[in-house]
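Take a look at the letters that make up each chain.
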Amino acid sequence: MAMEMRLPVARKPLSESVGRDTKKHLVVPGDTITTDTGFMRGHGTYMGEEKLIASVAGSVERVNKLICVKALKTRYNGEVGDIVVGRITERRRSAEDELAMRGFLQEGDLISAEVQAVFSDGAVSLHTRSLKYGKLGQGVLVQVSPSLVKRQKTHFHDLPCGASVILGNNGFIWIYPTPEHKEEDTGGFTAHLEPISLADREVISRLRNCIVSLVTQRMMLYDTSILYCYEASLPHQIKDLLKPEIMEEVVMETRQRLLEQEG
Amino acid sequence: MAGLELLSDQGYRVDGRRAGELRKIQARMGVFAQADGSAYIEQGNTKALAVVYGPHEIRGSRARALPDRALVNCQYSSATFSTGERKRRPHGDRKSCEMGLHLRQTFEAAILTQLHPRSQIDIYVQVLQADGGTYAACVNAATLAVLDAGIPMRDFVCACSAGFVDNTALADLSHVEEAAGGPQLALALLPASGQIALLEMDARLHEDHLEQVLEAAARAARDVHTVLDRVVRQHVREASILLGD
């Protein structure tokens, strides 16, 4: 049986391969952003003796009179209207809650939901009041940093390669086989436990490896980037996509294509 | 110790440095993908690793949650191979607890805890090789790790140790200099405002000399800030290039 082994190798800085320079205003905590008091302060800043000072390391974003600093990597902060994918860890143990929910959602289930409200201490309340949300069946979950999920109009995508994906704003990405027919009449959740075909499984595995490659090279995740990465990865075997050099190559090609498409 | 002069007549220390000179600092952020924030720092031969998780829900008893700010929980541990002699250090021993407490005081002063009420921020620091200035290395590593995690802080926290030999203040003591038994002081500073987050000394030092030693430590901490600032900016620039627009 042939086994492949690798020795540790010094990481070369990723940005060398991209070769572009950024025009953003980068700050670190303690830096003065501006002494102009006309601005409103947003996330990542605080007011200190007549100056606006950064409190995280990241890039300054200015929208009219609002200045905020977007940190490179943050824990997910819920905002109203975000789509999240998550696992139920604990449930309220009240009598009527048990009666209503017992049939549908139990602890340990994966669900997709929308953020309804955000409390002052950062806690969010979710709702699944639409047929597109609810319990998730067979598929693959990938956990990535929330800052890599691009904000778009919709986070539910049916990719032309043969699988569907839900890009949760909290960094949880759910890849699942595209349902054959849309069930619009029946609400609730019907368990689909039929075995998924090998072709579908391969598409899903390839998508999962593509997403992992994009994340290691710190690229934003959205439907177009995932699709281009999938297409760039077709010449390689699915398991080869986890090798660093192949990851680099595939993501480089994706980056090129995205740049061409923009410019 | 007979024959070992910590400061020669020409002004050189045991390792060839000048009185106010720092050891070489190398640091890296984002060394662990699994943690929210992580960093590794080498100050001369002292090596420390810091990992940060949070802010997240309070683990354990909910009663400990503070209604208006986040709880900062620091744990310090020293590897068995970190000193000259291999020594097993159980987790709850006095030195670890004391260091953990010092780190907690330092970071509660710097992290903007009011932005995350009822949550917890965990900072774990481990010393992999101890050659003097372990508190300083831990604070510097933890600062970088907290920055890597994106937790809002008032400013960097830069720390350095200082000693006093032959009427001269020495900055960034190595193990040999610490073991010689003179007074030593550890200072953690917020550089932009010059505010002191923590000042610790448990030796005898004449008050006339205190200002000189304190000044040397503050200057050294600002030098550390210059290095860490460069490391963070480089890291941020690289990452933002990759993310694109």
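Just so it is clear, the model here is predicted, and its values are computed rather than measured.

### Some points on the interface of chain B and chain A
Taken residue by residue, the interface counts 37 residues in chain B and 33 residues in chain A. Buried area between chain B and chain A, both sides added, is near 2,900 Å², and the carbon and sulfur share of it is 56%. Together, Ile241, Leu242 and Leu243 of chain B form the three largest contributors to the area buried by chain B at its contact with chain A, with a combined 25%. One can count three salt bridges joining chain B with chain A. Taking the shortest distance from any N to any O, the salt bridge between Asp148 of chain B and Lys73 of chain A comes out at 3.3 Å. If you look at where chain B meets chain A, you find six residue pairs in polar contact (both at pLDDT 80 or more). Put simply, the parts of the chain that give the side of chain B that touches chain A at least two residues each are strand S3 (46-57), helix H2 (134-148) and helix H4 (207-243) of chain B. For the side of chain B that touches chain A, a count of residues per class yields 17 nonpolar, eight polar and twelve charged.

### Description of the UniProt feature "domain: K Homology" (unreviewed entry) in chain A
UniProt tags residues 139-179 of chain A as "domain: K Homology" (unreviewed entry). End C-alpha atoms of residues 139-179 of chain A are separated by 11 Å, and the span's content is 0% helix alongside 44% strand.

### What about the sheet that holds strand S7 (residues 168-171) of chain B?
Residue and element names in this part refer to chain B. Reading across from one edge, S7-S6-S8-S9 is the order of the four strands in this open sheet, with antiparallel pairing throughout. The open sheet has two free edges, formed respectively by S7 and strand S9 (195-201), since each of these has just one partner strand. Adjacent strand axes in the sheet meet at a mean angle of 25 degrees, parallel and antiparallel pairs treated alike. Pairing of strand S6 (residues 158-165) with strand S8 (residues 184-190), which is carried by six bridges, proceeds in the antiparallel orientation. From the neighbouring strand, Ala159 faces S8, where its bridge partner is Ala188. Contacting S6, S7, S8 and S9, H4 runs over the sheet at an angle of about 145 degrees to S6.

### Here's the deal with the pairing of S6 of chain B
All names here are of chain B. Of all eight residues in S6, eight are buried, a share of seventy percent or more. Across the two faces of S6 the burial is the same, with Cys158, Cys160, Ala162 and Phe164 and Ala159, Ser161, Gly163 and Val165 all buried. What sits between the antiparallel neighbours S6 and S7 is a turn of two residues, in which Asp166 has the positive phi angle 55 degrees.

About the criteria used
- Residues numbered from 1 in each chain as written.
- Chains lettered and ligands numbered in written order.
- Predicted model: local features only at pLDDT ≥ 70, side-chain atom pairs only at ≥ 80, totals over all residues.
- Heavy atoms only, no water.
- Contact = heavy atoms within 4.5 Å.
- Buried area = accessible area lost by both parts, 1.4 Å probe.
- Salt bridge = Lys/Arg side-chain N within 4 Å of Asp/Glu carboxyl O.
- Polar contact = N/O pair within 3.5 Å; in protein donor to acceptor, adjacent residues only side chain to side chain.
- Helix = DSSP H or I, 4+ residues; strand = E, 2+ residues; numbered from the N terminus.
- Nonpolar A, V, L, I, M, F, W, Y, C, P; charged D, E, K, R; others polar.
- UniProt positions renumbered as here; feature names shortened; annotations may be inferred.
- Pairing = 2+ DSSP bridges.
- Axes fitted to C-alpha atoms, helices over the stretch in contact; angles between N-to-C directions.
- Buried < 20%, exposed > 50% of the residue type's maximum accessible area, 1.4 Å probe, protein only.

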